[in-house]
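Descriptive structure summary
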Amino acid sequence: MNKLYNTQKNLARDLGNFFEKVTDITKPQKKVIPYIILGMIEAESVVTTDIVKKMKDNFSLVSPFSTVRRLERFFNNKKFDVYKFYDKIILGIMKKYNPKENICKYRLYVL
């Protein structure tokens, strides 16, 4: 039977691949950032404990307290500048955007 839905693992993998194409993301960041974003969306919150509750896959095998600490260390990391990361994503999308077709190659709509 074929799956008619995407799991968090599939979404995180595809999101990580997308980030790898448009940014200069490291391998550890590629593993964590998609899950953080999906956790924020699913939790409808940016509070670290709420995000951790919604994170699945490898994060469900670890104590929630250690995952919270891991995310806090990630957010406090001086080597990762979230504004530069978002700028690269937006620039990557805008380069693929074709106003004549009104869609971009990644099928993301710019509103």
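Here goes a summary of the coordinates provided. Quick caveat, the model's predicted, so the values are computed rather than measured.

Within the fold, Thr67 resides in helix H4 (residues 64-75). Assessed through its relative accessible area of 3%, Thr67 is described here as buried. Thr67 has contacts with Val52, Phe59 and Val62, leaving out every residue within four places of it along the chain.

Where nonpolar side chains cluster on the molecular surface, the patch consists of Tyr86, Ile90 and Met94 and spans about 290 Å² of accessible area. Within the fold, Tyr86 resides in helix H5 (residues 82-96).

Enumeration over the complete set of coordinates arrives at six aromatic pairs. Judged by centre distance (5.9 Å) and plane angle (50 degrees), the ring pair of Phe18 and Phe19 falls under tilted. You can call Phe19 buried: its relative accessible area is 4%. A centroid spacing of 6.0 Å and a plane angle of 65 degrees characterise the contact between Phe74 and Phe75, whose relative ring orientation is edge-to-face. According to the relative accessible area criterion, Phe75 is partly exposed, its value standing at 39%. Taken together, the ring pairs connect Phe18, Phe19, Phe74, Phe75, Phe80, Phe85 and Tyr86 into an aromatic cluster.

Glancing now at the pattern of salt bridges. Overall, the coordinates contain three salt bridges when judged by the stated rule. The residue Lys30 makes a salt bridge to Glu20 at a minimum N-O spacing of 3.2 Å. Of this pair, Lys30 sits in helix H2 (residues 27-43) while Glu20 sits in helix H1 (residues 8-22), placing them 10 residues apart in sequence. According to the relative accessible area criterion, Glu20 is partly exposed, its value standing at 44%.

What follows covers the packing of H1 against H2. As a packed pair, H1 and H2 sit with axes 8 Å apart at the nearest point and diverge in direction by 125 degrees. With respect to their mutual orientation, H1 and H2 come out oblique. The two elements H1 and H2 cross, and the hand of that crossing is right-handed. In this structure, H1 contributes Gln8, Lys9, Leu11, Ala12, Leu15, Gly16, Asn17, Phe19 and Glu20 to the contact, and H2 contributes Lys30, Ile33, Pro34, Tyr35, Ile37, Leu38, Gly39 and Glu42. Partitioning the contact of H1 with H2 into residue classes produces nine nonpolar, four polar and four charged.

Right, let's get into the environment of Glu44. Secondary-structure assignment places Glu44 in the loop between H2 and helix H3 (48-54). Glu44 gets classed as exposed once you look at its relative accessible area, which sits at 73%. Spatially, the C-alpha atoms of Glu44 and Lys54 are 9.9 Å apart, while their sequence positions differ by 10 residues.

Here H5 spans 22 Å end to end across 15 residues, near enough to the 21 Å set by a 1.5 Å rise per residue. Those residues of H5 not exposed but buried are Phe85, Ile89, Gly92 and Ile93. One side of H5 holds all its buried residues, which, seen down the axis, span an arc of 95 degrees. Of the residues in H5, the exposed ones pointing more than 90 degrees away from the buried face are Tyr83, Lys84, Leu91 and Lys95.

Criteria and cut-off values
- Residues numbered from 1 in each chain as written.
- Predicted model: local features only at pLDDT ≥ 70, side-chain atom pairs only at ≥ 80, totals over all residues.
- Heavy atoms only, no water.
- Helix = DSSP H or I, 4+ residues; strand = E, 2+ residues; numbered from the N terminus.
- Buried < 20%, exposed > 50% of the residue type's maximum accessible area, 1.4 Å probe, protein only.
- Contact = heavy atoms within 4.5 Å.
- Patch = residues over 30% accessible without salt bridge, like charges linked within 9 Å, V, L, I, M, F, W, Y side chains within 5 Å.
- Areas by Shrake-Rupley, 256 points an atom, 1.4 Å probe, with all protein chains shown as cover.
- Salt bridge = Lys/Arg side-chain N within 4 Å of Asp/Glu carboxyl O.
- Phe/Tyr/Trp six-rings, centres within 6.5 Å; stacked < 30°, edge-to-face > 60°.
- Axes fitted to C-alpha atoms, helices over the stretch in contact; angles between N-to-C directions.
- Parallel < 35°, antiparallel > 145°, perpendicular 65-115°, else oblique.
- Left-handed = near helix turned anticlockwise from the far one by under 90°.
- Nonpolar A, V, L, I, M, F, W, Y, C, P; charged D, E, K, R; others polar.
- Expected span 1.5 Å × (residues − 1).
- Arc of directions from axis to C-beta.

Interpretation in functional terms is not warranted from these geometric data alone.
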